[in-house]
Amino acid sequence: MTTDEGISLSRGNGEAPQDAIDGRRFRDVLGHFPTSVVAITTTVEDDQPQGLVVGTFTSVSLDPPLVSFLADSSSSTLRTIRTAERFCANALASNQERLSRRMATKGIGRFDGVAWTPSPLGNPILDGIVAWVDCVVEQVVEIGDHVLVVGRVHDLRVESVQAPLLFFRGGYGDYFSNTALLLDRLVGW
Ligand SMILES: Cc1cc2nc3c(=O)[nH]c(=O)nc-3n(C[C@H](O)[C@H](O)[C@H](O)COP(=O)(O)O)c2cc1C
């Protein structure tokens, strides 16, 4: 941080000032904030599915109903979403780590062998997910090297009581400590 007089401030504990933050430290610390794992899907003109995995999906506003995610400015899926002006957010389940890896890999047919049905807006709803939110793009804001995509909720639904897939410290994980989920698992065994 810099004062009006141009003096650079450190955090007061002897560590480097904020303008010295490098990418590795940024990724490392931010990786300690757990996130959901959400497949953002859309289709290109000939109804071909397209999508990517994000850890940045969040609700924004209840009235009007808005949600958002952040996409790297270079994202090819982002380009399609900007054209299609719609997307669906799919909350992946704890047993969908392989699907997540697939949806985050460049240069492969991400939807090869992946079962899905069209949402009310025509976006892919992936089989086996926890919940989905179908959106029309409301706003697109360029921020740093990412683009904030705000969607107006058109429809949404919970699909299953499965535990969600989570991401923390660079790895995938599960969510166990919820009584209702534990009971569901026990009943399912
Ligand atoms: C857990 C996880 C979270 C991710 N979160 C984001 C994100 O919020 N925004 C983003 O642009 N990419 C994110 N990625 C990376 C993209 O999924 C990946 O770069 C993908 O190949 C981009 O595809 P595209 O360029 O075809 O759109 C994430 C990947 C993983 C595994």
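Here's a quick rundown of the structure. Note that the structure is a prediction, hence the values are computed from the model and not measured.

### Observations regarding the sheet that holds strand β12 (residues 171-173)
Part 1: Reading across from one edge, β1-β11-β12 is the order of the three strands in this open sheet, with antiparallel pairing throughout. Either end of the sheet is taken by a strand with one partner, and the two such strands are β1 (35-36) and β12.
Part 2: Two strands pair when backbone bridges link them, and strand β11 (residues 166-168) and β12 are joined in this way by three bridges, in the antiparallel orientation. Considered in β12, the bridge of F167 is made with Y172.

### Section: the nonpolar core
Part 1: Counting 17 residues, the largest nonpolar core has I40, F69, I81, F87 and V149 as the members making the most contacts within it.
Part 2: Looking at this core, the elements with two or more residues in it are β2 (38-43), β3 (49-54), β5 (66-72), α2 (76-84), β6 (86-91), β9 (131-143) and β10 (146-158).
Part 3: Within the second largest apolar cluster, 13 residues are counted, among which are A39, C88, L92 and I129.

### Looking at the sheet that holds β9
Part 1: What the seven strands build is an open sheet, ordered β3-β2-β6-β9-β10-β5-β4; its pairing is antiparallel. If you trace the sheet from one side to the other, it starts and ends with β3 and β4 (58-61), each paired once. Going from strand to strand, the sheet's axes swing by 35 degrees on average, the running direction of each strand aside.
Part 2: Relative to β10, β5 is paired through seven bridges, and the arrangement is antiparallel.

### What about the packing of aromatic side chains?
Part 1: Taken as a whole, this structure holds two aromatic pairs when the rule is applied.
Part 2: Ring geometry for F69 versus F87: centroids 5.1 Å apart, planes at 80 degrees, classification edge-to-face. Separated by 18 residues along the polypeptide, F69 in strand β5 and F87 in strand β6 bring together distant segments of the chain.
Part 3: Classification of F87 by relative accessible area gives buried; the value is 0%.

### A short note on the layout of surface pockets
Part 1: Volume-wise, the largest pocket comes out at about 1300 Å³.
Part 2: What lines the largest pocket is a set of 31 residues, among which R27, V54, G55, T56 and H146 lie closest to the centre.
Part 3: Going through the elements one at a time, α1 (23-30), β1, β3, β5, α2 and α3 (97-103) are the ones with two or more residues in the lining of the largest pocket.
Part 4: Along the lines of polarity and charge, the residues of the lining of the largest pocket split into 13 nonpolar, 12 polar and six charged.

### Concerning a nonpolar patch on the surface
Part 1: On the surface, I21, F26, V29, L30 and F33 cluster together into a nonpolar patch covering about 480 Å² of accessible area.
Part 2: With respect to the helices, strands and loops of the structure, L30 is situated in helix α1.
Part 3: Note on L30: relative accessible area 43%, which makes it partly exposed.

The rules behind each value
Residues numbered from 1 in each chain as written. Predicted model: local features only at pLDDT ≥ 70, side-chain atom pairs only at ≥ 80, totals over all residues. Heavy atoms only, no water. Pairing = 2+ DSSP bridges. Helix = DSSP H or I, 4+ residues; strand = E, 2+ residues; numbered from the N terminus. Core = buried A, V, L, I, M, F, W, Y, C linked by side-chain atoms within 4.5 Å. Buried < 20%, exposed > 50% of the residue type's maximum accessible area, 1.4 Å probe, protein only. Axes fitted to C-alpha atoms, helices over the stretch in contact; angles between N-to-C directions. Phe/Tyr/Trp six-rings, centres within 6.5 Å; stacked < 30°, edge-to-face > 60°. 1 Å grid on protein atoms, 1.4 Å probe; cavity = no way out; pocket = protein on both sides within 12 Å on 5 of 7 lines; lining within 4 Å. Points joined across faces, edges and corners; volume = space filled by probe spheres on them. Nonpolar A, V, L, I, M, F, W, Y, C, P; charged D, E, K, R; others polar. Patch = residues over 30% accessible without salt bridge, like charges linked within 9 Å, V, L, I, M, F, W, Y side chains within 5 Å. Areas by Shrake-Rupley, 256 points an atom, 1.4 Å probe, with all protein chains shown as cover. Salt bridge = Lys/Arg side-chain N within 4 Å of Asp/Glu carboxyl O.

Geometric values such as these leave the question of function open.
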